[in-house]
Each structure stands twice: as structure tokens, then as C-alpha cells.
Amino acid sequence: MTDLHPDANPMIEVQNLTKYYGGKAAIHDLCFSVPRGEIIGFLGPNGAGKSTTMRILAGYLSASGGTARVAGFDVARESDMVRRQVGFMPENNPLHEDMRVREYLKFRARLKGLNTQKSRARTEDVVEQFALGDVRNRMIGELSKGFRQRVGLADALIHEPELLILDEPTIGLDPHQIRIVRQHIKSMGKHHTVLISSHILPEVEVTCTRLLIFHEGNILANDTPNALENALEGRHRITVELNASQEDLAQAWEEMAEVEHHRILPAEGEFHRCALTPRDGEDLRPRVSALARARGWPLRELTRERHTLEDIFVHITSPEEDF
Amino acid sequence: MSVILTLTRRELASHFLSLRGYVIMAGVQLLLGASLLTVVYLLNGRAYDLPFTEKFPQTEFFWLVLLMVSPVITMHTFAQEKSSGTFETLMTTPVSDLQVVLAKFIGSYLFFLIAFLPTLLYPFIVKQYAHEAVAIDIGSVFSLGLGVGLFGAFFTAMGCFASSLTRSQIVAAVLTFAAGTSLFILGYIADLRPSEMMWWHTSLQHVSMLRHMQDFSTGIIDSRHIVYYVSLTTVFLFATVKSIESRRWK
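In this report, we go over the structure that sits alongside the text.

Considerations on the overall build of chain A
For chain A, the helix and strand inventory stands at eleven helices and 14 strands. For 323 residues, the compact-globule estimate of 2.2 N^0.38 gives 20 Å, and chain A exceeds it by more than 25% at 25 Å. Taking the principal axes of the C-alpha coordinates as reference, chain A spans close to 80 × 45 × 40 Å. Counting across all 323 residues of chain A, residues that qualify as buried make up 41%. Look at the contacts in chain A between residues 6 or more apart in sequence, and 66% of them connect residues 24 or more apart.

In C-alpha cells:
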């Protein structure tokens, strides 16, 4: 992939993108920009506007308002050029069931503007890349879901697009197939910008280098998974189990200025289990262990909760929910 | 251009990859064969005032086939792709709406012609047994063929349009059949009152497909009829393109 400065030449640049379906906004004033060479995850519940955005970027739908540019081309005015730069796999990966795998891939390559020779060569390439050799002459309708998914990915990649848009690429697959598809997506991400959507967190968490969180037609966050986790770092609670009386513990936590909130529950044996919320995001563990040593309280557990993306997702999409 | 070729080939091949294509071809030949039988039976052993080419399009089965075959051929063109979702993968390749519509039309139309191809043998069969050199006039065979071909182009374009409106193949077929049959029945209304020459009656006579076919079957190639079918075909293809485009602004 061309190694351009990411900010100077983003792969996707979306400004005030809006799409109405019969008076109701499916997406509302979206603005985001995605640098080249990343694996981007669109994350959000069903109906949040992920598929609509993808369809607009792939040149299938037109936006009601706003602009979107893919690889420097305007999706409304230079749709033809955009479609040459984009490999799109729609939701549920529709394929022509009455065609054979190789025949289908060659047909798709021809539609995407490759000449006879090139389409034959590329078909062989993607058949090898996605390990479709054993089924190359089978009817697509006879294939298992995992193979069909690979045929869909092979089709998306066959004209060597700069951007791959995959709508829910792992939906309905078994865990083994999901792992295979994930590996393929990751390897595609080495040479292409990849955009995938999902409503399942672990899915995008392991694959993506950047996450856009959708909710009711808006984007609530656009950052790396790590940065999103760090944004919530301040709320990290710690859990500690100490052998001490409840009164002593309560007094100790109240004296500790960094503890904003504490809760003490009796645990197995003489121990008490305490949940401590830090006041300004400080890591409380060194203080707690120092305190235990100073008081001579036996300590058997000291952990810091890590917020998973699951928490972030729930927090961002329904902020009233406390966690 | 090569895109249209690729898509047309796919469209035509799809008929032969499923049972439907063979059922259509068998059905067409069964009903037209019954037509042939009727005509041969009529002409058998007595003098008849109409030549074979003129009698043939007056049989019921002939019209039944013409009215039914196009809806069945074209019903899947867009409806199936829409319902299975492949329409989305198709329209996100760098093809234009016009290319897709033309390819679907040409593919379906070619299949229509293929389904009617064995009919060309009928005149020769009749000639073989009529023992009369004048039984068949090649000129009127040609003009009747042209009439069927023009009729087919119009109905195929109308079928493509109906299919582009819906996700359901059945709805597409019923729409095409209903529209086609309604138009056909107008021709009967025109024939109902031959005495009154009102303005609407004259207009109806111009759209009467029975009259068109009658002219074609007697060997008359009237440019008005050609313009009629070609322009209707164009109008419906244009409407199909617009219907495909509508996904963008709907």
C-alpha cells in the first residue's frame, strides 16, 4: 500500500453524512476520517447505521446529505472510481448459488473490469489465498457456510481494491470458522485498509486497530481499542481481600484520601472483601499493599479491574447505566 | 461493452442452470405444438380460406404462450437478485445501471427467441405433408416471426420493469401477465363494435395486438407496428433504468 501521510490522504473521509429512509434518519450528520492501512471496526447494535454507512461508502446507496470520499474519490460524483477501489461483501454474503466457485470468481473479476487474462490469474491467486482449491469446481449452493464466507472474501479481494468493506463477516459461523475468517481478515489488513462491522465486541476487539462506535445513527467514539479502554481507566476499581475486622477496614479506607468509595463484604474465613473506587484514577494497589504490610494484615488478593470493551460499549451506548 | 457481454452470458446461462429454463422451453413447445395440431386438423382434407401462417396466430394456445412466457422468463431478472441480496454485490461493481438493464433484457430476450426457435420447423412440417408448393409462403413466415419477435421484445422489457419493482418473483410475473393481458384485451374491445367508428375505437384498433399480428401473419410489415413495439420496448427499458436508480434517492 502507498505509504502516504495518513492525515494528508485518509482512506475514508466522511463529512456530515446523513441518510433518511422515509423521513427517518438512519444515520445522522456522521463525520469521521480513517487513515490508510488500518483494520477499522464499525461497532454498534443492530440498526445503528453501520450497514447504511457501508452501503454508501461502497457506492450502493446515495446519501441524503453530506459528503463521503473513499481513496480520494467522491462517492456521489465519482461512484465508478470508488467502486473500483472498494471490495464489498454485504451482510449475509449473498452469492450466486447456481455457479461453481471458480466460474463465479471469474465472472466477478470480469464485472470488476479485469480482462480475461487478468481475471483468470487473479482467480487462481484468490483460490490459493483462501484455500478454496478443493472446492473450486463445486457449486456454491452446496458449500458449507465457512467456505461460502471465504468465497465472499475472495470475491471482495479479487480486483485488488484499496479498501475492503465487510459487513458482519463472521456472523453465523462456528468458532473454528470464525478463527479462520479472522486470520484472513488480519492478513488482508497487511496490504489493504479493511472496514468490518459487528455487533459482537470480541470480534472487533481482536481484529481491529481502530473502532468506531455507532449508536442510533451517530458515532459515539472513534479511536483505537486501547485508547478507548484508557479513557475509562480512571474508573478502574480494585478488589482486595484482607484478614481484618470490618471496623478496622472501614476506618482505614476512610482515612485514605485517594479512595472515593468503598464497600466491604465478609468473605470466606476471617477475611473481608473490599471494593475500592479511586478518586482521580490513581492505581490504589501500592497504597493498599503498603497499608497491609504496615498493619500486619494478611493479604490474599489484590486485583485491579480492567474494563473490557464490553463495558465501554455498554457505557457509551447507554450512559445512564452505572458500572 | 465486455461487461454487458459478461452479464448477458450470465443471464442467459442462468436459464439453463435451473429447471425453470427447460420447463419454459417444454411448455412453449407443448402449447405451440397443440396449436399446430389444431391448425393441421382444420386444414386436413378440406379446402380452407386461410393460409397456415394466417390461421396459426388465431389459435388460443398461440396467444396463451405469448402472454405467459415473457412474465415467466423475466420474473427473476431483478426480483431474485434483490431477494437473495446479490443485487447489492452486482451494483457495487463498476457497472452502470444501463449496462445491467440492457444485459438482463438481452439475456432474457435471447432466451425468449431460443424458446421459440423450434417453431421455425412448423412450416416445413406442414409443407412436407401438404404436398403443395404454395402451402407456405416464406415471406409471411418471416413477417410472422418478426411480429412474434417484436411482441416478445415489448413483453420482455415490460417483464424486466415489473421485476425491478419488487423482490418477489411471483409478484413480478403476475404484474407482467396482468398488464400484458389487459393490453391484449383492449384489442378484443376494439373488435367488439366494428360498426361505430368513434375516436377511442380507432385508437384501440391501433393498440390491438390481434390486428398487429394479423397484419404480420398476412405478410404485411407495417412500419407503424414496428414503431409501436420498438418504442414501447424503449419506454419500458428506460423505466427499468429509472426504477433501478431509485434505490439511490428513495
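Notes on the environment of G147 of chain B
Residue and element names in this part refer to chain B. Examined against the element boundaries, G147 turns out to sit in helix α9 (residues 138-165). Overall, the presence of 25 C-beta atoms within 10 Å leaves G147 in the buried class. Note: C-alpha distance between G147 and S217 (70 residues apart in sequence) is 7.8 Å. Other than its neighbours up to four places away in sequence, G147 contacts H212, M213, F216 and S217.

A closer look at the sheet that holds strand β1 (residues 12-21) of chain A
All names here are of chain A. Reading across the sheet, the four strands line up as β2-β1-β4-β5 and stay open at both edges, with antiparallel pairing between neighbours. Pairing within the sheet leaves two strands with one partner each, and these edge strands are β2 (24-34) and β5 (73-74). When β1 meets strand β4 (residues 65-70), the two strands line up antiparallel, connected through five bridges. The partner of Q15 across the bridge, within β4, is T67.

As for the interface of chain B and chain A
How big an interface is tends to be expressed through the accessible area that disappears when the partners come together. The interface of chain B with chain A comprises 20 residues on the first partner and 21 residues on the second. For the side of chain B that touches chain A, the secondary structure elements donating two or more residues are α1 (2-17), α6 (86-91) and α13 (223-249) of chain B. In terms of residue count, α1 of chain B provides more of the side of chain B that touches chain A than any other element does, six residues in total. Within the side of chain B that touches chain A, the residues separate by chemical class into six nonpolar, ten polar and four charged.

Focus on helix α6 (residues 175-188) of chain A
Each α-helix turn comprises 3.6 residues. Residues three or four places apart therefore point the same way. All names here are of chain A. A rise of 1.5 Å per residue sets the reference length of α6, with its 14 residues, at 20 Å; its end C-alpha atoms lie 20 Å apart and thus fit the reference within 8%. Among the residues of α6, those classed as buried are V181, H184, I185 and M188. Down the axis of α6, the sector holding all buried residues measures 100°, keeping them to one side. Exposed side chains of α6 directed beyond 90 degrees from the buried face belong to P175, H176, Q183 and S187. Contacts from the buried residues of α6 go to β3 (39-43), α5 (145-157), β7 (163-166), β8 (193-198) and α7 (201-207).

The rules we used
Residues numbered from 1 in each chain as written. Chains lettered and ligands numbered in written order. Predicted model: local features only at pLDDT ≥ 70, side-chain atom pairs only at ≥ 80, totals over all residues. Helix = DSSP H or I, 4+ residues; strand = E, 2+ residues; numbered from the N terminus. Rg over C-alpha atoms; globule rule 2.2 N^0.38 Å. Buried ≥ 20, exposed ≤ 12 C-beta atoms within 10 Å, placed from the backbone. Contact = placed C-beta atoms within 7 Å. Pairing = 2+ DSSP bridges. Nonpolar A, V, L, I, M, F, W, Y, C, P; charged D, E, K, R; others polar. Expected span 1.5 Å × (residues − 1). Arc of directions from axis to C-beta.

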